[in-house]
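Chain and residue survey
So the chains spell out like this:
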Amino acid sequence: MRIIFKTNYMQDIRPWKDGYQFSLYLILLAAVAAAPWWLDDFYLGELTNVLIWAIAGLGLMILTGHTGQASLGHAAFLAVGCYANVILIETGVPFLIAFPLAGLLTGIVGATVAIPALRLHGIYLAIFTLALSVLMDDIIVLAEPITGGVSGKYLGGVEIFGHLVDRWATPGPFFWLVLAVAVIVTLGYINLLRAPLGRSFIAVRDSEVSAQAMGVDIARTKAISFALSCAVTGLAGALMGMFAGAFNNETFSVVISIQLLMMIVIGGLGSIHGAFLGAIVIGFLPQFLSISKEYAAALFGGSTVAIPGLEFGIFGMILIAFILFEPMGLYGRWLKIRTWFELFPFYRKDMFKRQKSYLKTERLR
Amino acid sequence: MSLLEFENVTLKFGGLTAVDDLSFDVQQGEVFAIVGPNGAGKSTVFNLISRFYDPYAGAIRFDDHDLLRVKPSGVAAYGVARTFQNIELFEHATVLQNLLVGRHRHRKTNMISEILFMPSARRQEIESRERVEEIIDFLDLQAFRDKMISGLPYGVRKVVEVARALATDPKLLLLDEPASGLSVEETTDMRWWIEDIRRQMGITVLMVEHDMGLVSGVSDRVLAMADGAKLALGTSAEVQSHPAVIEAYLGKAS
């Protein structure tokens, strides 16, 4: 076990614990950035997909993981980001301006939605956002002149400084674009968490009454969280649209919303790592299933016909298993394994057991 | 000079009068205790100061400000900090993070500078941490600095809550039953801390407490309440020997 001797405040403030941890993350980043050279185009595409999901997961993590507001409607904000990006590009705005603008627009839409949504708690907020997700489908169909309705829209490559960035023609540069966005969003997220605003999110999540007593304006904090969450989700939506190439009202369905929420629960609520780990599971599971199905078919001589609902059945089972056995998600599991090795042989079984909360002060509402 | 002033405050929940025409004032620099049987309205007084409830009638003034004109989140900005009867910490955060939330009212940076973590945000973080470390030293919480609240024993949580309230640099500290559930030894520690908070930090303390040993040990004045109304106000000895107080606790001799 490494014991870090703290001698100044920056050691606590900076995001990495020590040089060792910092270099590990640098190596990881370098290895991922070099992916176009060591992965074939198919797996590079899959990795790009995982990263886009991770960005969307980071967006939802701000709201659900750190501010404690469940949302079952984030696919609606993916759609807003995606359509805003495409429509801006179609009107001749260069991609490098259209893309952040799409995020900003989604953030504004999110803040507007947040004003009525703020009054709702827990399950009611989930239902409200679920309704939003269902509504978005109709809104896209109704706004046909702008959105193309059921026939949808198409987005080929975009140009960045004269270079073509396209999912199919130039998968490498497209991957780097997605990676750059993921890194920037992650860095912003880390900064947020070590500053007062991020801590006020956590305060609102864990105890609204005492957050208020500490001078945190609950409504304002929730609205900011909603707006930031939606802005990041909008960026992911824009990338998702570019990744899909073609999309219509059904691309960003309620199912995507539910998958997003499942993803961050499986990854581990309330951690940045959780968004990435969850995205890896959600992104690679369909491929893993189809590969293992083929493998099983070859082994047992069965046919490779598609089994309807298999993917969702397995997603659901994984989710139930996580909620029952590992509520802290994959990241929580990793923390336990790491602690086990660090403390070997002194790990105690109940080290991470959550103590029963004592009776809360009267809830006032 | 009176720091906090209650003037004929009445609060009703439907037909129940929780606080009945209550007037008292807390002087700058004193330790003021509120005692009374369960349901007397002691915690309700705290929740009125925290602006969780709107009084039915009357006025509450703090430091020459009309407290009834601010939002619940605005009370801290005037310099009022509190603890809760049943501990309301941020469970899934570390002790250090909890205390840093206490610094929230001193936040000067905006969202953008925090997301980019500009030098102003960095400076502010260092300032916050310097103050928080002083409080950690003051309340002997060094061993728990990086521990999650959810894994801490009850006695430590109680102290962390006081620390978080102190981190706001308040003028008035509201302690809601600081000694409830503490061992004799921990109660003694709490007693010396309350003394030190008043003496060294110059913070006025208003507390609700059942432990009469603690109350008579630290408080300058005591307010006894029953059924939302004032029974007696004076020094601890005066209040304890007041006939109305004895009657409220023990019943009338027949």
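Residues numbered from 1 in each chain as written. Chains lettered and ligands numbered in written order. Predicted model: local features only at pLDDT ≥ 70, side-chain atom pairs only at ≥ 80, totals over all residues.

Points about the interface of chain B and chain A
- Contacts between the two partners involve 38 residues from chain B and, on the opposite side, 34 residues from chain A.
- Elements that contribute at least two residues to the side of chain B that touches chain A include exactly helix H2 (75–78), helix H3 (95–102), helix H4 (111–115) and helix H5 (119–138) of chain B.
- The dominant element in the side of chain B that touches chain A, judged by the number of residues it contributes, is H5(B), at 5 residues. (Contact = placed C-beta atoms within 7 Å. Helix = DSSP H or I, 4+ residues; strand = E, 2+ residues; numbered from the N terminus.)

Here's the deal with the nonpolar core
- One finds A:Ala54, A:Ile55, A:Leu78, A:Ala79, A:Leu239, B:Ala163 and B:Val205 to be the most contacted residues of the largest nonpolar core, which totals 173 residues.
- Beyond its immediate stretch of four places on either side in the chain, A:Ala79 contacts A:Met136, A:Ile140, A:Gly237 and A:Phe252. (Core = buried A, V, L, I, M, F, W, Y, C linked by C-beta atoms within 7 Å. Buried ≥ 20, exposed ≤ 12 C-beta atoms within 10 Å, placed from the backbone.)

Overview of the environment of A:Val150
Residue and element names in this part refer to chain A.
- Checked against the element boundaries, valine 150 lands in the loop between helix H8 (144–147) and strand S1 (153–154).
- Considering only alpha carbons, one finds valine 150 and asparagine 249, 99 residues apart in sequence, at a separation of 5.9 Å.
- The residues contacting valine 150, other than those within four sequence positions of it, are Val141, Asn248 and Asn249.

Some words on the pairing of strand S3 (residues 31–35) of chain B
Residues and elements named next belong to chain B.
- For S3, the buried fraction is high: 5 of the 5 residues fall into the buried class.
- The alternating pattern of S3 places Val31, Ala33 and Val35 on one face and Phe32 and Ile34 on the opposite face, and all of these are buried.
- The pairing of S3 with strand S8 (residues 204–208) spans 4 bridges and is parallel. The partner of phenylalanine 32 across the bridge, within S8, is leucine 206.
- Relative to strand S9 (residues 221–226), S3 runs parallel, the two being bridged by 4 bridges. Bridging across to S9, phenylalanine 32 finds its partner in arginine 221. (Pairing = 2+ DSSP bridges.)

With respect to the confidence of the model for chain B
- In this model, chain B carries a mean pLDDT of 92, and residues with pLDDT of at least 70 account for 99%.
- Overall fold confidence for the complex sits at a pTM of 0.91, while the interface term, ipTM, reaches 0.91. (pLDDT = per-residue confidence, 0-100.)

Observations regarding the pairing of S8(B)
All names here are of chain B.
- Extensive coverage of S8 is indicated by the burial of 5 of its 5 residues.
- Burial along S8 is two-sided: the residues Thr204, Leu206 and Val208 and Val205 and Met207 are all buried.
- For strand S7 (residues 172–176) and S8, the ladder comprises 5 bridges, and the chain directions are parallel. From the neighbouring strand, leucine 175 faces S8, where its bridge partner is methionine 207.
- With respect to chirality, the unit in which S7 leads through helix H7 (residues 184–199) into the neighbouring parallel S8 is right-handed. (Right-handed = clockwise from strand over helix to strand, strands pointing away.)

Focus: the sheet that holds S7(B)
Residue and element names in this part refer to chain B.
- Reading across the sheet, the 6 strands line up as S6-S7-S8-S3-S9-S10 and stay open at both edges, with mixed pairing between neighbours. The open sheet has two edge strands with one neighbour each: strand S6 (80–82) and strand S10 (229–234). Going from strand to strand, the sheet's axes swing by 20° on average, the running direction of each strand aside.
- Relative to S7, helix H1 (residues 42–49) is tilted by about 145°, and along the sheet it contacts S3, S6, S7, S8 and S9.
- The strands touched by H7 within the sheet are S3, S7 and S8, with S8 carrying the most contacts at an inclination of about 150°. (Axes fitted to C-alpha atoms, helices over the stretch in contact; angles between N-to-C directions.)

A look at the domain arrangement of chain B
Residue and element names in this part refer to chain B.
- What the domain assignment reports for chain B is domain 1 (1–77 + 172–254) and domain 2 (80–169).
- Taking only C-alpha atoms, the centre of domain 1 and the centre of domain 2 are 25 Å apart.
- Ranked by residue count, the leading element in the side of domain 1 that touches domain 2 is S7, at 5 residues.
- Residues of the side of domain 1 that touches domain 2, tallied by class, amount to 13 nonpolar, 4 polar and 3 charged. (Domains from an automatic or database assignment. Nonpolar A, V, L, I, M, F, W, Y, C, P; charged D, E, K, R; others polar.)

Overview of the UniProt feature "domain: ABC transporter" (unreviewed entry) in chain B
- Here, the residues flagged by UniProt with the feature "domain: ABC transporter" (unreviewed entry) are residues 4–252 of chain B.
- A distance of 33 Å separates the end C-alpha atoms of residues 4–252 of chain B, which is 38% helix and 24% strand. (UniProt positions renumbered as here; feature names shortened; annotations may be inferred.)

Some details on unusual backbone geometry
- Looking along the chain, the bond that leaves A:Phe344 and enters A:Pro345 is cis, with omega of 0°.
- Mapped onto the elements of the fold, A:Pro345 is located in the segment after helix H16 (329–343).
- You will see that B:Asp63, though not glycine, has its phi angle at about 55°, which is positive.
- Turning to its location among the elements, B:Asp63 is positioned in the loop between strand S4 (57–62) and strand S5 (65–66).
- For B:Asp63, a count of 17 C-beta atoms within 10 Å translates into the label partly exposed.

Things to note about the domain arrangement of chain A
Residue and element names in this part refer to chain A.
- Under the domain assignment used here, chain A contains domain 1 (1–32) and domain 2 (34–343).
- Centre-to-centre, using C-alpha coordinates, domain 1 lies 27 Å away from domain 2.
- Across the boundary between the two partners, domain 1 contributes 6 residues, which contact 7 residues of domain 2.
- Examining the composition of the side of domain 1 that touches domain 2, we find that 3 residues originate from one element, helix H2 (residues 19–33), more than from any other.
- By residue class, the composition of the side of domain 1 that touches domain 2 is 6 nonpolar, no polar and no charged.

Things to note about the packing of helix H4 (residues 41–66) of chain A against helix H14 (residues 272–300) of chain A
All names here are of chain A.
- Viewed as axis vectors pointing N to C, H4 and H14 meet at an angle of 135°, and their least axial separation amounts to 7 Å. As far as their axial angle goes, H14 and H4 are oblique. At the point where H4 passes H14, the crossing takes the right-handed sense. On the side of H4, the interface is formed by Glu46, Asn49, Val50, Trp53, Ala54, Gly57, Leu58, Met61 and Gly65, while H14 contributes Ile272, Gly274, Ala275, Phe276, Gly278, Ala279, Ile280, Ile282, Gly283, Phe284 and Gln287. (Parallel < 35°, antiparallel > 145°, perpendicular 65-115°, else oblique. Left-handed = near helix turned anticlockwise from the far one by under 90°.)

Description of H7(B)
Residue and element names in this part refer to chain B.
- For H7, spanning 16 residues, the distance from its first C-alpha to its last is 23 Å, which sits close to the expected 22 Å at 1.5 Å a residue.
- For H7, every residue scored as buried is listed here: Met190, Trp193, Ile194 and Ile197. All buried residues of H7 project into a common sector of 105° when viewed along the axis, lining one side. Residues of H7 that are exposed and angled more than 90 degrees away from the buried face: Val184, Glu185, Trp192 and Arg199. (Expected span 1.5 Å × (residues − 1). Arc of directions from axis to C-beta.)

Structural notes on the environment of B:Ile149
Residue and element names in this part refer to chain B.
- Structurally, the position occupied by isoleucine 149 is in the loop between H5 and helix H6 (154–167).
- What makes isoleucine 149 buried here is the crowd of 22 C-beta atoms within 10 Å.
- Along the chain, isoleucine 149 and glutamate 91 lie 58 residues apart, while their C-alpha atoms are 5.0 Å from each other.
- Ignoring any residue separated from it by four or fewer positions in sequence, one finds isoleucine 149 in contact with Leu89, Phe90, Glu91, Ala93, Val95, Asn98, Arg157 and Val160.

Re the confidence of the model for chain A
- Across chain A, the average pLDDT comes to 87, with 94% of residues at or above 70.
- Counting interchain partners and residues more than four positions distant, the pLDDT-below-50 stretch residues 355–365 of chain A has 15 contacts.

Quick notes on the sheet that holds S5(B)
Residues and elements named next belong to chain B.
- Across the sheet, 4 strands lie side by side as S2-S1-S4-S5; this open sheet has antiparallel pairing. Two strands close off the open sheet at either side, each with one partner strand: strand S2 (16–27) and S5.
- Here 5 bridges tie strand S1 (residues 2–13) to S4, and the two strands are oriented antiparallel to one another. In the strand pairing of S4, phenylalanine 6 is matched with isoleucine 60.
- H1 rests against S1, S2 and S4 of the sheet, and its axis sits at about 70° to S2.

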